[in-house]
Amino acid sequence: MMPAALYRSARLLAGALFSLLVLSGCASMVPQTMALRDAWPEGVPQRYEMAGVPFFPQEDYQCGPAALATAMVSAGVKVTPEELVKHVYIPDRQGSLQAEMLAAPRQYGLVGYQLAPSYDDLLREVAAGNPVVILQDIGVGPLVKWHYAVVVGFDYPAGELYLRSGQKQREAMPFTYLEHTWKKSAQWAIVALPPGRIPVTATEPAYTAAVAAMERVGDKGAVTKAYAATLERWPGNLGASVGLANQYYAKGDLEQAEAVLRRASDKHPNSVVLLNNLAQTVSDQGRDAEALTLIEKAGTPEPPFAEAVAETRALIQKRLAGGARK
Amino acid sequence: MKSSLKRIVCNFLVIAMAMLPFQSGQAGMIGSDAVIASAASQADRNTVVNFLNRTDTAAQLVSLGVDANSAKSRVASMTDAEVSQLAGKINSLPVGASGLGTLVVIGLIVWAVWYFAFRR
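Note that the coordinates shown come from a computational prediction; the quantities given were computed from them, not determined experimentally. (Residues numbered from 1 in each chain as written. Chains lettered and ligands numbered in written order. Predicted model: local features only at pLDDT ≥ 70, side-chain atom pairs only at ≥ 80, totals over all residues.)

A.B. asks: Help me understand the overall build of chain B in this model?
C.D. replies: Counting its regular elements, chain B contains six helices and one strand. For chain B, the sequential pattern of α-helices and β-strands runs α-α-α-α-α-β-α. Out of the 120 residues belonging to chain B, those deemed buried represent 17%. For chain B, the proportion of contacts with a sequence separation of at least 24, taken over those separated by at least 6, is 37%. (Helix = DSSP H or I, 4+ residues; strand = E, 2+ residues; numbered from the N terminus. Buried ≥ 20, exposed ≤ 12 C-beta atoms within 10 Å, placed from the backbone. Contact = placed C-beta atoms within 7 Å.)

What follows is the structure in structure tokens.
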């Protein structure tokens, strides 16, 4: 097809010109690739490839569903690009928004996590066996053309990375050219991983937030597993403790909920949220006097917790006074 | 006579209504900005704003061809912060697509450059 062939050669030309420019000293155009020369990320092998990552050739405009399906199937979820169209594709814009690419896996019990904008982190995740979905601008010159692709490997001595991209099962792309195409999206990159498999570059606050986001729509089993894994990785994490205890509480497992909350209170003795939730859990198990002590410790906090604490206190006092246990 | 009077009155009413100050509600309905302003605390205001952002975002998705049920579940999967970043910007934010459309445009440009610069 004439236009496609022209485009491919235009792109090859762009890539070749680009490499020439870099060789001729315009290293400032690809600072991160240059930085890799001086300091290859520690512990990361020079060559790595995940051959088993599936390939879904994309339909017109639907690189979003195709790329996301690639990552999600690798994470163990049986899904096809066709199914994902209704989750991430916008017909009248003929494409997929970044925010929706990050959010869609949550409905399938996966944790979507956005990486830091760093070549090092991209390589670390890939080397850890996690396919990374990136947003590139593969336009030529001033024409912007956004495209999602999945990084599945790299060979640094050969100077290239390997992507599942568009119609190509294994697109080899020079490090310089990938950096160039990736820059326009501010190096946007995400992984979609099963609960319990924490991205190797994950930070505590960002990952806790990612799990909390999944809690909105993810199935309870996945959410419980994700919070438990977060807590194991970062013991004493307040958000994960509250989240995990809530999961146990919702299931009716009050003893477990209390155990999680008590462990957390060792590290956060004055947390209003912990005190409130612990008081509620303890009261539900019939120990109202103990619960009252806990809720009194919470005092009269600022909003947004004021209402919840007041309600809990009122409930405990009602129970102590011999009211219905509801 | 009567019909021309009616016409004059109607025209006057149409113009008068067009000049009314903008209200985000319809006649008899309280506008959303009034609801937001009256919310007792910042937390309540946030709840209302978040709710409005969600309904706006879902409506925008529907207007762009997404079916209503999918739009609802897609918005539900996103956090309040994510939805507020999308609200009102769905038409302008980047969408990954890489369809053939732009290929044809680029092909045409390349061909045009070749034709006018070299062939003629």
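Okay, back to it.
A.B. asks: How should the domain arrangement of chain A be read in this particular structure?
C.D. replies: By convention, interface size is frequently given as the accessible area that disappears when the constituent parts associate. All names here are of chain A. On domain assignment, one finds that chain A holds domain 1 (31-193) and domain 2 (204-320). One C-alpha centre belongs to domain 1, the other to domain 2; they are set 37 Å apart. The partner domain 2 presents eleven residues to the six residues of domain 1 that form the contact. Its residues assigned to classes, the side of domain 1 that touches domain 2 shows two nonpolar, three polar and one charged. (Domains from an automatic or database assignment. Nonpolar A, V, L, I, M, F, W, Y, C, P; charged D, E, K, R; others polar.)

A.B. asks: Can you walk me through the interface of chain B and chain A in this structure?
C.D. replies: With 31 residues of chain B at the contact, the number on the chain A side is 42 residues. Of all the elements in the fold, those that place two or more residues in the side of chain B that touches chain A are helix H3 (42-63), helix H4 (68-76), helix H5 (80-86), strand S1 (95-96) and helix H6 (101-119) of chain B. In terms of residue count, the dominant contributor to the side of chain B that touches chain A is H6 of chain B (six residues). Residues that form the side of chain B that touches chain A fall into these classes: 17 nonpolar, twelve polar and two charged. The sheet contact formed by strand S3 (residues 95-97) of chain A and S1 of chain B spans two bridges and is antiparallel. For Ser 96 of chain A, the partnering residue across the bridge sits in S1 of chain B and is Gly 96 of chain B. (Pairing = 2+ DSSP bridges.)

A.B. asks: Even after reading the chapter, I still don't get helix H13 (residues 288-297) of chain A, so can you show me in this structure?
C.D. replies: For an α-helix the count is 3.6 residues per turn, leaving residues at separations of three or four pointing the same way. Residues and elements named next belong to chain A. Asp 288, Ala 291, Leu 294 and Ile 295 are the residues of H13 that are buried. When H13 is viewed along its axis, its buried side chains cluster within an angular range of 115° and face the same direction. Exposed and oriented more than 90 degrees from the buried face of H13 are Ala 289 and Glu 296. In this fold, the buried residues of H13 make contact with helix H12 (272-284) and helix H14 (306-320). One or two steps after H13, the chain reaches Gly 299, where phi turns positive at roughly 65°. (Arc of directions from axis to C-beta.)

A.B. asks: Looking at this structure, I do not really get the confidence of the model for chain B. What am I missing?
C.D. replies: Fine structural detail should not be taken from predicted coordinates in areas where pLDDT scores are low. Residue and element names in this part refer to chain B. Mean pLDDT for chain B: 76, with 57% of residues reaching 70 or above. At the low end of the mean pLDDT range in chain B sits helix H1 (residues 2-18), at 62; at the high end sits H4, at 96. Per the prediction output, this complex has pTM 0.81; the corresponding ipTM is 0.84. (pLDDT = per-residue confidence, 0-100.)

A.B. asks: Could you clarify how one ought to interpret the nonpolar core in this entry?
C.D. replies: Within soluble globular proteins, side chains that are nonpolar generally end up buried alongside one another. In terms of nonpolar packing, the biggest core is built from 103 residues, with Leu 68, Val 132, Val 133 and Val 150 of chain A touching the most fellow members. Beyond its immediate stretch of four places on either side in the chain, Val 132 of chain A contacts Leu 115, Leu 122, Glu 125, Val 126, Val 150, Val 151, Ala 189 and Val 191 of chain A. (Core = buried A, V, L, I, M, F, W, Y, C linked by C-beta atoms within 7 Å.)

A.B. asks: Before we go on, may I ask you to explain the packing of helix H3 (residues 63-74) of chain A against helix H4 (residues 81-88) of chain A in this structure?
C.D. replies: Axis angle and axis distance: for two packed helices, these are the angle between their axes and the distance between the axes, and together they describe the pair. Residues and elements named next belong to chain A. The contact between H3 and H4 brings their axes to 8 Å, and the two run at 115°. Between H3 and H4 the crossing geometry is right-handed. Contacts from Gly 64, Pro 65, Ala 66, Leu 68 and Ala 69 in H3 reach Pro 81, Leu 84, Val 85 and Val 88 in H4. Residue classes in the contact of H3 with H4 are distributed as eight nonpolar, one polar and no charged. (Axes fitted to C-alpha atoms, helices over the stretch in contact; angles between N-to-C directions. Left-handed = near helix turned anticlockwise from the far one by under 90°.)

A.B. asks: When you look at the sheet that holds S3 of chain A in this model, what are you seeing that I'm missing?
C.D. replies: Note: strands within a sheet are paired through backbone hydrogen bonds, in either parallel or antiparallel orientation. Here we have three strands laid out as an open sheet, ordered S2(A)-S3(A)-S1(B), and antiparallel in their pairing. The sheet is open, and its two edges are formed by strand S2 (89-90) of chain A together with S1 of chain B, each paired on a single side.

A.B. asks: Can you walk me through the pairing of strand S7 (residues 160-165) of chain A in this structure?
C.D. replies: Each regular strand shows side chains that alternate between the opposite faces of the sheet. Residues and elements named next belong to chain A. By the criterion of burial, S7 is predominantly enclosed, with five of the six residues buried. Bridge analysis of strand S6 (residues 146-155) against S7 gives five bridges, and the strand direction is antiparallel. If you follow Val 151 over to S7, its bridge partner there is Leu 163. Counted along the chain from S6 to the antiparallel partner S7, the turn is four residues long, and its residue Gly 159 has a positive phi close to 75°. Strand direction decides the pairing type here: S7 and strand S8 (residues 168-174), joined by five bridges, are antiparallel.

A.B. asks: Explain helix H7 (residues 175-183) of chain A here, please?
C.D. replies: Of all nine residues in H7 of chain A, eight are buried, a share of seventy percent or more. Among the residues of H7 of chain A, Phe 175, Thr 176, Tyr 177, Leu 178, Glu 179, His 180, Thr 181 and Trp 182 of chain A are the ones counted as buried.

A.B. asks: Help me out: how do you make sense of the environment of Val 49 of chain B in this one?
C.D. replies: Residues and elements named next belong to chain B. In this structure, Val 49 sits in helix H3. Here Val 49 falls in the partly exposed class, since 17 other C-beta atoms lie within 10 Å of it. The spatial distance from the C-alpha of Val 49 to the C-alpha of Val 113 is 51 Å, given a sequence separation of 64 residues.

A.B. asks: How should I be thinking about the pairing of strand S9 (residues 189-193) of chain A in this particular structure?
C.D. replies: Residue and element names in this part refer to chain A. Among the five residues in S9, five count as buried, and that is most of the element. Pairing analysis gives four bridges linking strand S4 (residues 111-114) to S9, with the strands arranged antiparallel. Bridging from a neighbouring strand, Val 111 pairs with Leu 193 of S9. As judged from the two bridges shared by strand S5 (residues 132-137) and S9, these two strands associate in the antiparallel manner. Residue Val 133 lies in a different strand from S9, and its bridge partner there is Ile 190.

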